[in-house]
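Letter by letter, the chains look like this.
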Amino acid sequence: MRIILLGPPGAGKGTQAKTLAQEIKLPHISTGDLLRKNVSQGTSLGKQAQDFMNKGALVPDELVNQMLTERISLPDAQEGFILDGYPRNLAQAGILDEALKKLGKQVDLVVYLDTSEAVVIQRLSGRLVCKNCGANFHATNMPPKKAMTCDNCGGALYQRSDDKEETIRKRLEVYRDECAPVIKYYQAKGTLQRLVADGEANKVLVDIVKLVRKHHDSLKV
Ligand code: ADP
Ligand code: ZN
């Protein structure tokens, strides 16, 4: 089953996708995580992507598309995946459709995590990420047991360089201009399901899992 999580930065796509991945045993594919890994490893892709990411802009399609199509072609993604951070504009949605078509597959379910702007800004400005395993925490909403230390692996937590107020505003602007049309695209195809995602993370997860199970059952009949 191929699932996409859509929604503004701070909607909780990463947090939800990571837990959902364990729950339904499909790989979590995050273009943001893949890009940050390239940046920290100093690859040529990372070097080209870095400035765009720090500004809160989208990384050019030709860099992201190849990274994504390679990732979904790997063996662990053949039974399905949970995609987070892609597609982010209409051109990317078209690329994904084409790439899946070549593999004889399609997007099965798109979950739109509808989140208000006030919630998004509060979540992003307090977000803490584990350097080692990528787990997300929040200074007040989801504090780690020990200050600046990951509950899962003991790694050091840090604030992402694009989680500064000015960059957050830019990312929200980009989201409104580029990503909102993607929602309409999947709505028109009939694959989009909307969930209000302002609430607590574990409550939102319950709703997502319900949607996924319902959809999975209807795929079988
Ligand atoms: P968020 O959704 O919270 O903004 P991500 O981790 O998904 O965070 O993305 C961080 C940054 O990585 C984006 O601001 C953008 O620069 C880049 N990025 C991630 N995915 C894409 C994509 N599909 N296309 C272009 N740029 C991307
Ligand atoms: Zn960790």
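Everything that follows concerns the structure shown earlier in this document.
So, how was this worked out
Residues numbered from 1 in each chain as written. Chains lettered and ligands numbered in written order. Predicted model: local features only at pLDDT ≥ 70, side-chain atom pairs only at ≥ 80, totals over all residues. Heavy atoms only, no water. Near = heavy atom within 4 Å. Polar contact = N/O pair within 3.5 Å; in protein donor to acceptor, adjacent residues only side chain to side chain. Areas by Shrake-Rupley, 256 points an atom, 1.4 Å probe, with all protein chains shown as cover. Helix = DSSP H or I, 4+ residues; strand = E, 2+ residues; numbered from the N terminus. Donors = N, O, S within 2.8 Å, 3.2 Å for Na, K, Ca; no water. Tetrahedral: all angles 85-135°; square planar, octahedral: opposite > 155°, others 65-115°. Buried < 20%, exposed > 50% of the residue type's maximum accessible area, 1.4 Å probe, protein only. Phe/Tyr/Trp six-rings, centres within 6.5 Å; stacked < 30°, edge-to-face > 60°. Pairing = 2+ DSSP bridges. Axes fitted to C-alpha atoms, helices over the stretch in contact; angles between N-to-C directions. Contact = heavy atoms within 4.5 Å. Salt bridge = Lys/Arg side-chain N within 4 Å of Asp/Glu carboxyl O.

S.K.: I keep staring at the site of ligand 1 and nothing clicks. Help me out?
M.R.: Ligand 1 sits among 19 residues. The nearest are Thr31, Arg36, Ala57, Gln92 and Arg171. Side-chain polar atom of Thr31 to a nitrogen atom of ligand 1: 2.8 Å apart, as the coordinates give it. About the coverage of ligand 1: the protein hides 97% of its 540 Å² of free accessible area. Per-element accounting of the shell around ligand 1 gives the leading share, four residues, to helix α2 (residues 31-41).

S.K.: Before we go on, may I ask you to explain the coordination of the zinc ion (ligand 2) in this structure?
M.R.: Geometrically, a metal with four donors at the corners of a regular tetrahedron has ideal angles of 109.5 degrees, and one with six donors at the corners of a regular octahedron has ideal angles of 90 or 180 degrees. Every protein donor of the zinc ion (ligand 2) is listed here as Cys130 (SG), Cys133 (SG), Cys150 (SG) and Cys153 (SG), and their distances to the metal cover 2.3 to 2.4 Å. Because the angles between the four donor atoms bound to the zinc ion (ligand 2) fall within 100 to 116°, the donor set is best described as tetrahedral. Here the donor residues for the zinc ion (ligand 2) map to a single chain with the spacing C-x2-C-x16-C-x2-C. Residue Cys130 is found in strand β5 (residues 127-130), and its partner Cys150 is found in the loop between β6 (136-138) and β7 (157-158); the two are separated by 20 residues along the sequence. Comparing Cys130 with Cys150, the two get one shared label, buried.

S.K.: Mind showing me how you'd approach the packing of aromatic side chains here?
M.R.: The way to describe two aromatic rings as a pair is by their centre distance and the angle between their planes. Per the stated rule, a full pass over the model turns up one aromatic pair. Between the aromatic rings of Tyr185 and Tyr186, the centroid separation amounts to 5.1 Å while the plane-to-plane angle is 80°, which identifies the pairing as edge-to-face. Judged by relative accessible area, Tyr185 falls into the partly exposed class, the value being 24%.

S.K.: So what exactly am I meant to see when it comes to the sheet that holds strand β4 (residues 109-114) here?
M.R.: Note: strands within a sheet are paired through backbone hydrogen bonds, in either parallel or antiparallel orientation. An order of β2-β3-β1-β4-β8 is seen for the five strands of this open sheet, with the pairing classed as parallel. Of all strands in the sheet, those bounded by a partner on one side alone are β2 (28-30) and β8 (192-196). Strand-to-strand twist across the sheet, computed as the mean angle between neighbouring axes with direction ignored, equals 20°. The sheet contact formed by strand β1 (residues 2-6) and strand β3 (residues 81-84) spans four bridges and is parallel. Considered in β3, the bridge of Ile4 is made with Leu83. α2 contacts β2 and β3 of the sheet and is inclined by roughly 65° relative to β2.

S.K.: Explain the environment of Gln193 to me, please; I cannot follow it from the model alone.
M.R.: Along the chain, the position of Gln193 falls in strand β8. Separated by 124 residues in the primary sequence, Gln193 and Thr69 have C-alpha atoms spaced 24 Å apart. Aside from chain neighbours lying at most four places away, what touches Gln193 is Leu109, Val110, Val111, Tyr112 and Leu211.

S.K.: When you look at unusual backbone geometry in this model, what are you seeing that I'm missing?
M.R.: One can expect most non-glycine residues to show negative phi and most peptide bonds to be in trans. With an omega of -5°, the peptide bond running from Tyr86 to Pro87 counts as cis. Residue placement: Pro87 occurs in the loop between β3 and α5 (90-102). If you check the backbone angles, Met148 has positive phi at about 55° while not being a glycine. Topologically, Met148 is positioned in the loop between β6 and β7. Relative accessible area serves as the criterion here: at 43%, Met148 is assigned to the partly exposed category.

S.K.: What am I meant to see in the pattern of salt bridges here?
M.R.: Two side chains carrying opposite charge are able to pair once their charged atoms lie near each other. Applying the stated criterion across every chain yields a total of 14 salt bridges. Arg36 is the salt-bridge partner of Asp33, the closest N and O atoms lying 2.9 Å from each other. Of this pair, Asp33 and Arg36 both sit in helix α2, three residues apart, which is roughly one turn of the helix. Since its relative accessible area comes to 29%, Asp33 is described here as partly exposed.

S.K.: Explanation requested: the sheet that holds β6 in the structure shown.
M.R.: Spatial ordering of the open sheet is given by β6-β5-β7, a layout of three strands whose pairing is antiparallel. The open sheet is flanked by β6 and β7, the only strands paired with a single partner. As paired strands, β5 and β6 are joined by three bridges and run antiparallel to one another. Residue pairing across strands places Arg127 opposite His138, the latter belonging to β6.

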